[in-house]
Amino acid sequence: LRKVFLPCGNLGKERFHKSQHFGCSNGVPLFVGSAKPGIGGELLAGQEIKPKYSVYPRGQGSYVPSWVAFDKQVLCFEAYFQEAVPQARDETYRIRKCKIYFYLEDDTIQVVEPEYKNSGIPQGTLICRQRIPLPPPDDDQFYNIFHFNLNQQMVLYSRTFTVTDCDSFTRNFLTELGVRLNDRAAVPADPYSNLREQPLRPYERRDTLKQFLDHDRKVLRFYCFWDDKDSVFGDPRELVLHYFLADDTIEIREVISPNSGRDNVPKFLHRSKLPKCALARMKQPGEIADRTLLNVFSSTSKGERYILDSLKTGAVREEFYKDSHLTVGGEVNVWGRKVIITDCDDFTKDYYHSKYGIEDFTPVQYKAPPTPKPLRPVPPYNGFGSEVDSLSSCQGLLPKPPQKDFRKFMEKDRCGLNSNVLNFHAKMVTNDPVDRDRVFIISFYLCDDSISVFEPPQRNSGVLGGKFLERGRVKKPGQDLFKSEVSECFTAQDLYVGATLCLNNKHFQLLDADEYTFNYMEQHAEEFPKANVGNILSKLRSIPEEKQSEIRKFLALSDPSNTGFIPYESFRALLMGLDCGLSEHEVLVLGRCFSEREQPEVDAGLMLAVAQDFLKKKHFEELPDMARAFAHHDRHNVTTRHQSCSHWPHISEQQLVPAV
């Protein structure tokens, strides 16, 4: 056996790892272990490890980590730095104010300079949030909380900042740590900022902001005329003049008529102020100014001295067109062109009436009235195609298909249970005993005013049922075939109970309608006069007084028990016997309006059969869950008592889902 002797200093030691002292940066091997401990994390001889953050050492203070204890806590210091300006005439240095933020959670520092309008200097964040090392020779250490104080200088990346003040939170925090804060320091004056704050001389205020705010987006429109017949190939020109009230500028656009041979230029006159008198030559830029300055003296040592010419002796006076110069019938000199104002729009008339009290806006007639277009007679229908399709070939060289009423189609097309189809029961008016017993269903489609006729098959009638008339628009009888006008077709107002229709030389009498047809016509009584109760009652009020007394006697005889109701047959015989022009449909509508409708009794057997059929098709097998749901919604067993009182059959699970 080999005996191993361990030094006494290693007894109880568990960590024997070595720190890495060599590394590689950009492909170059380097020695990076000068600040790293030895074996097991123990310091080498003469080595001192500097703390990374300015937090309390272990064993003192709270055990909460710094990133939790100082979360969202920031110290704010006000500072400034002086920047040299070597190539400027008005300043040699510049004082720039900024704020220094110190984040307590990780000792990071951020320097931000507030942004000033029109400063011409890139401002904002000067130093991003990071740990900043101390200046040499202590550049291996970083700034911590104890390096901050008032009225002292700090070098951050070779730029010297002077801390002048701090906020109340920073002052209280440093005081609690035992830091004695110095007095506040004053910020030196910036010569260039003081120069900019001085008022300019001479100064004359011309306030145009109020006019812009009051009249922004308000434009006067005038219709003008320029007679250019004197020039070569000249002709009358129509113009539109826009006067902008916000800045008293004028813009003129030309109205280019079709096939005039002229180029469609965007503007006849660019938006600008229009002088009343045309100048002999255009002024150069800077030749006309708003203010006139007089040079008193100029010297290199004392600077330049100016005064404002209050008398404006050297000012160039130029008069421009204002809104008061523009009137209907007046003339405008547009750079030597005589433009006559002929008319204006309604906004311009209201503006001049409210501001100047002008009421006469008679337009100027400068051109002959347009000649009326000759009528284009439509040739009569020749029999080829439909009338509407044949008419479209006469309206242009390239025939186009006839346009349909798409909006009516979208409003009256079928939507869910609302079919928008009126169905009537009809019979054929004829002397033939076979055709007299035939039954037809006439359907009128509201989306395109088309009609279709269907004959239900009848057993042992000798007539094949089915489609009798294809769906389409049907012309009214008694119209010429070859004519220029489009033939008139049947509409929804022509169909009502009791009416007689001639469909392709076959006469049909409408006997009855379905419930949807009656409801639709009554709900749209303004479109169907035969279903308007107000019109029907107005006809009954026109009956003479003698007949009204007879009607009362008839009603009293028809209701001997004085119940207030009479049978419909008696009511119909009474109204049809009156000479007031009531149709069968109007009698039905009046009877439906004043009838007493009984609610049908609930057929429990039918409900049970429908439920069984539905559950059988869906292969429903969750009967216990359904029973629990029924018991939850009917906790007081009300439905069972109601069923027993009404003599309804008892519904069980075996009846709902029969065994298959």
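None of these values were measured; they are calculated from a predicted model.

## Re the nonpolar core
Ranked by internal contacts, the top residues of the largest apolar core, which has 42 residues, are L422, I442, L503, L510 and L575. What L503 contacts, discounting residues up to four positions off in sequence, is I442, I451, V453, L469, V474, F490 and F508. Membership of the second largest hydrophobic core comes to 26 residues, among which are F77, F81, V163 and L174.

## Re the sheet that holds strand β15 (residues 331–334)
Taken together, the six strands give an open sheet; going across it, the order is β12-β11-β10-β9-β16-β15, and neighbouring strands pair in antiparallel fashion. This sheet does not close on itself; its edge strands, each paired only once, are β12 (269–272) and β15. Across the sheet, the mean angle from the axis of one strand to that of its neighbour is 35 degrees, orientation sign disregarded. Both strand β9 (residues 219–227) and strand β10 (residues 236–244) contribute to a ladder of nine bridges, which runs antiparallel. By the bridge assignment for β10, R221 is matched with H242. Packed onto the sheet, helix α5 (residues 346–355) meets β9 and β16 (337–344) and runs at close to 110 degrees relative to β9.

## Digging into the UniProt feature "domain: EF-hand" (unreviewed entry) in the chain
The sites that UniProt annotates as "domain: EF-hand" (unreviewed entry) are residues 546–581. Secondary structure within residues 546–581 divides into 64% helix and 0% strand; the distance between the first and last C-alpha atoms comes to 18 Å.

## Focus: the sheet that holds strand β8 (residues 159–166)
Picture the strands of a sheet paired through backbone hydrogen bonds; they go either parallel or antiparallel. Taken together, the six strands give an open sheet; going across it, the order is β6-β5-β4-β3-β8-β7, and neighbouring strands pair in antiparallel fashion. Of all strands in the sheet, those with a lone pairing partner are β6 (124–130) and β7 (152–156), marking the two edges. Direction aside, the axes of adjacent strands within the sheet are offset by 30 degrees on average. In terms of strand pairing, strand β3 (residues 74–84) meets β8 through four bridges, oriented antiparallel.

## Observations concerning empty space enclosed by the protein
Empty space left among the atoms is revealed by rolling a probe the size of a water molecule over them. Overall, the coordinates contain one cavity of 30 Å³ or more when judged by the stated rule. Considered as a void within the structure, the largest cavity measures approximately 40 Å³ in volume. Residue lining of the largest cavity: A492, Q493, L495, Y496, M521, F528, P529 and K530, and that is the complete set. When the residues that make up the lining of the largest cavity are grouped by side-chain class, the tally is six nonpolar, one polar and one charged.

## Comments concerning the confidence of the model for the chain
Chain-level pLDDT for the chain is 84 on average; 90% of the residues reach the 70-or-more range. Taken together, the stretch residues 640–660 has pLDDT below 50 and engages in 21 contacts with residues farther than four places along the chain or on a different chain.

## Some thoughts on the side chain of D323
Along the chain, D323 turns up in the loop between β14 (303–308) and β15. Separated by 3.0 Å, the side chains of D323 and K355 make a polar contact. Within the structure, the side chain of D323 is placed 3.1 Å from the side chain of Y356, a separation counted as a polar contact. Apart from residues lying up to four places away in sequence, D323 is in contact with L220, Y243, L245, Y351, Y352, K355 and Y356.

## Regarding the environment of I145
Note that I145 resides in the loop between β6 and β7. I145 sits in the buried class, given a relative accessible area of 4%.

## So, the side chain of K483
Here K483 lies in the loop between β20 (466–472) and β21 (500–503). Buried and without a salt bridge, K483 has E387 as its closest oppositely charged side chain, separated by 4.2 Å. Excluding residues within four positions of it along the chain, K483 makes contact with P380, Y381 and E387.

The rules we used
Residues numbered from 1 in each chain as written. Predicted model: local features only at pLDDT ≥ 70, side-chain atom pairs only at ≥ 80, totals over all residues. Heavy atoms only, no water. Core = buried A, V, L, I, M, F, W, Y, C linked by side-chain atoms within 4.5 Å. Buried < 20%, exposed > 50% of the residue type's maximum accessible area, 1.4 Å probe, protein only. Contact = heavy atoms within 4.5 Å. Pairing = 2+ DSSP bridges. Helix = DSSP H or I, 4+ residues; strand = E, 2+ residues; numbered from the N terminus. Axes fitted to C-alpha atoms, helices over the stretch in contact; angles between N-to-C directions. UniProt positions renumbered as here; feature names shortened; annotations may be inferred. 1 Å grid on protein atoms, 1.4 Å probe; cavity = no way out; pocket = protein on both sides within 12 Å on 5 of 7 lines; lining within 4 Å. Points joined across faces, edges and corners; volume = space filled by probe spheres on them. Nonpolar A, V, L, I, M, F, W, Y, C, P; charged D, E, K, R; others polar. pLDDT = per-residue confidence, 0-100. Polar contact = N/O pair within 3.5 Å; in protein donor to acceptor, adjacent residues only side chain to side chain. Lys, Arg positive; Asp, Glu negative; His and termini not counted. Salt bridge = Lys/Arg side-chain N within 4 Å of Asp/Glu carboxyl O.

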